[in-house]
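Overview (structure and organization)
Residues per chain, in single letters:
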Amino acid sequence: MTAPNRPVPATAREWHLTRRPDGWPVPEDFALREAPVQAPNDGQLLIRNLYMSVDPYMRGRMNDVKSYVPPFQLDQPMDGGAVGVVVESRADGFKPGDHVLHGAGWREYATIGAAGAVPVSAEAAPLSTYLGVLGMPGLTAYAGLLEVASFKEGDAVFVSGAAGAVGSMVGQIARLKGASRVVGSAGSAEKVRLLTEEFGFDAAFNYKDGPVRDQLREAAPDGIDVYFDNVGGEHLEAAISALNTHGRITVCGMIAQYNSTEPPAAPRNLAMVIGKRLRITGMLVNDHKDLRPAFQQDVAGWLAGGELKYQETVVGGIGNAVDAFIGMLRGSNTGKMVVALDG
């Protein structure tokens, strides 16, 4: 799979956004097209992608609105996290056969500047993990809990979207750092069992089984000190009600409303922020790159010691990338959703 001497084709496939979704994305919003494979110039690498990431934030990039990251352009290749093998190098420090993490996913071959490539080791960890537990989602969980939410030993923590790539790590890191209680929500009985039996959450519930507020009160009868928000809406409202005085909220994502065409009904209890003196902070992982060395050291140690566990949902073939993306938005993945391009 990683042999760099595979003949380089004249053209290769890449995904384009062909229209901006109205509500939930559908396959007709995308097109898989052939494009010439560009030979690298000085300072560039030609990479054959092996794995690519599909992530919730990509849904926002499909809207033509100003945001922290530019929107995808219509009829142009999309991009995102990917791991590949260097086929041809015209840059110092890289040679054919090297594995790299970079940002030109959604395509089979990528020609990029060497400054945008980070070496990774297939011997140290499976290559797909650099898109998940050892990559952007992992750092998001680490920074969002420990720095943004100012987690301290003894805190009770609630995580929404807890069976996903970020949420599953937040709960485990909280447990490893001495949380008094870790509670998670997920969208199926199977995921709830995974959280408590595999990932060590103290309690978990299926948000589809009843009002989140009632289920959270039962799971955390003494309240919570930290809420890590991946969902928004009803979950955020429930967390505000459950938070103890001086509680903290990290707002990482609001996947419940990414595809909505109407304003969210909740939260309706924001006035409680005043009396409880709550702190609500949005986060972007790129603001926390300085934590990467500590993150990698801690997570590598936890993985090696079997203290931290992860799961991946791997979909094979670039032709299935859009289905994987839409499935991820609907919660069909457990852990990180990854597309194996050679699959």
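First, a word on what this report is: a plain description of the structure on this page.

Rules and cut-offs
- Residues numbered from 1 in each chain as written.
- Predicted model: local features only at pLDDT ≥ 70, side-chain atom pairs only at ≥ 80, totals over all residues.
- Heavy atoms only, no water.
- Helix = DSSP H or I, 4+ residues; strand = E, 2+ residues; numbered from the N terminus.
- Contact = heavy atoms within 4.5 Å.
- Areas by Shrake-Rupley, 256 points an atom, 1.4 Å probe, with all protein chains shown as cover.
- Lys, Arg positive; Asp, Glu negative; His and termini not counted.
- Charge placed at Lys NZ, Arg CZ, Asp CG, Glu CD.
- Pairing = 2+ DSSP bridges.
- Axes fitted to C-alpha atoms, helices over the stretch in contact; angles between N-to-C directions.
- Core = buried A, V, L, I, M, F, W, Y, C linked by side-chain atoms within 4.5 Å.
- Buried < 20%, exposed > 50% of the residue type's maximum accessible area, 1.4 Å probe, protein only.
- 1 Å grid on protein atoms, 1.4 Å probe; cavity = no way out; pocket = protein on both sides within 12 Å on 5 of 7 lines; lining within 4 Å.
- Points joined across faces, edges and corners; volume = space filled by probe spheres on them.
- Right-handed = clockwise from strand over helix to strand, strands pointing away.
- Parallel < 35°, antiparallel > 145°, perpendicular 65-115°, else oblique.
- Left-handed = near helix turned anticlockwise from the far one by under 90°.
- Nonpolar A, V, L, I, M, F, W, Y, C, P; charged D, E, K, R; others polar.
- Expected span 1.5 Å × (residues − 1).
- Phe/Tyr/Trp six-rings, centres within 6.5 Å; stacked < 30°, edge-to-face > 60°.

**Considerations on the overall build of the protein**
- When helices and strands are tallied, the protein shows nine helices and 15 strands.
- Judged by the C-alpha coordinates and their principal axes, the protein covers about 60 × 45 × 35 Å.
- Long-range contacts, defined as pairs at least 24 residues apart, comprise 68% of the intrachain contacts of the protein with a sequence gap of at least 6.
- Carbon and sulfur atoms make up 50% of the accessible area of the protein, which totals about 15000 Å².
- Charged side chains in the protein number 31 positive and 38 negative. The centres of these two groups are separated by 3 Å.

**Looking at the sheet that holds strand 13 (residues 279-282)**
- Pairing is parallel in the open sheet, where six strands are placed in the order 10-9-8-11-12-13. Single-partner strands in this sheet number two, and they are strand 10 (203-206) and strand 13. Direction aside, the axes of adjacent strands within the sheet are offset by 15° on average.
- Two strands pair when backbone bridges link them, and strand 12 (residues 243-251) and strand 13 are joined in this way by four bridges, in the parallel orientation. Within strand 13, the residue paired with Ile-249 across the bridge is Ile-280.

**Things to note about the pairing of strand 5 (residues 99-102)**
- Across four bridges, strand 4 (residues 82-89) lies against strand 5 in antiparallel orientation. Looking at strand 5, one finds that Gly-84 is bridged to Val-100.

**Re the nonpolar core**
- In terms of nonpolar packing, the biggest core is built from 48 residues, with Leu-145, Val-157, Met-169, Ile-173 and Leu-195 touching the most fellow members.
- With six residues, helix 2 (residues 136-148) is the single largest residue contributor to this core.
- Look past the residues within four positions of Ile-173 in its chain and what remains in contact with it is Ala-141, Tyr-142, Leu-145, Leu-146, Trp-302 and Leu-308.
- Among the nonpolar cores identified, the runner-up in size contains 22 residues, and Leu-17, Met-52, Met-62 and Met-337 belong to it.

**Section: the layout of surface pockets**
- Approximately 160 Å³ is the volume attributed to the second largest pocket.
- Together, 14 residues line the second largest pocket, and Glu-14, Pro-36, Arg-107, Tyr-109 and Ala-110 are the ones closest to its centre.
- Elements that contribute at least two residues to the lining of the second largest pocket include exactly strand 1 (11-17), strand 2 (30-36) and strand 6 (109-113).
- With four residues, the single largest contributor to the lining of the second largest pocket is strand 6.

**A closer look at the pairing of strand 8 (residues 156-159)**
- Covered by surrounding structure in strand 8 are Ala-156 and Phe-158 together with Val-157 and Val-159, the residues of both alternating faces.
- A crossover connection joins strand 8 to the parallel strand 9 (residues 181-186) through helix 3 (residues 167-176); in handedness this β-α-β unit is right-handed.
- Across three bridges, the pairing between strand 8 and strand 11 (residues 224-229) is parallel. By the bridge assignment, Val-157 is partnered in strand 11 with Val-226.

**Notes on the packing of helix 2 against helix 3**
- Between helix 2 and helix 3, whose axes approach to 9 Å, the crossing angle comes to 50°. One finds that helix 2 runs oblique with respect to helix 3. Like other packed secondary-structure pairs, helix 2 and helix 3 cross with a definite hand, here right-handed. In this structure, helix 2 uses Gly-138, Ala-141, Tyr-142, Leu-145 and Leu-146 to contact helix 3, whose residues at the interface are Met-169, Val-170, Ile-173 and Ala-174.
- Classifying every residue of the contact of helix 2 with helix 3 gives eight nonpolar, one polar and no charged.

**Considering helix 2**
- Its 13 residues place the ends of helix 2 only 16 Å apart at the C-alpha level, less than the 18 Å of an ideal helix rising 1.5 Å per residue.
- Helix 2 sits mainly inside the fold: 10 of its 13 residues count as buried.
- Looking at helix 2, one finds that the buried residues are Pro-137, Gly-138, Leu-139, Thr-140, Ala-141, Tyr-142, Ala-143, Gly-144, Leu-145 and Val-148.
- Following helix 2 by one or two positions, Ser-150 has its phi on the positive side, about 50°.

**Some remarks on the packing of aromatic side chains**
- Taken as a whole and assessed by the stated rule, the structure comprises five aromatic pairs.
- Here the aromatic rings of Phe-30 and Phe-325 are separated by 6.5 Å at their centres, their planes lie at 70°, and the arrangement is edge-to-face. Note that Phe-30 is positioned in strand 2 and Phe-325 in helix 9 (residues 321-329), a separation of 295 residues in sequence.
- You can call Phe-30 buried: its relative accessible area is 7%.
- Using a relative accessible area of 0% as the deciding quantity, one classes Phe-325 as buried.

**Quick word on helix 6 (residues 233-242)**
- With nine of 10 residues buried, helix 6 lies mostly within the body of the structure.
- Within helix 6, the full set of buried residues consists of Gly-233, His-235, Leu-236, Glu-237, Ala-238, Ala-239, Ile-240, Ser-241 and Ala-242.
- Next to the buried residues of helix 6 lie strand 8, strand 9, helix 5 (212-219), strand 11, strand 12 and helix 7 (272-276).

Worth remembering: the numbers are spatial, not functional.
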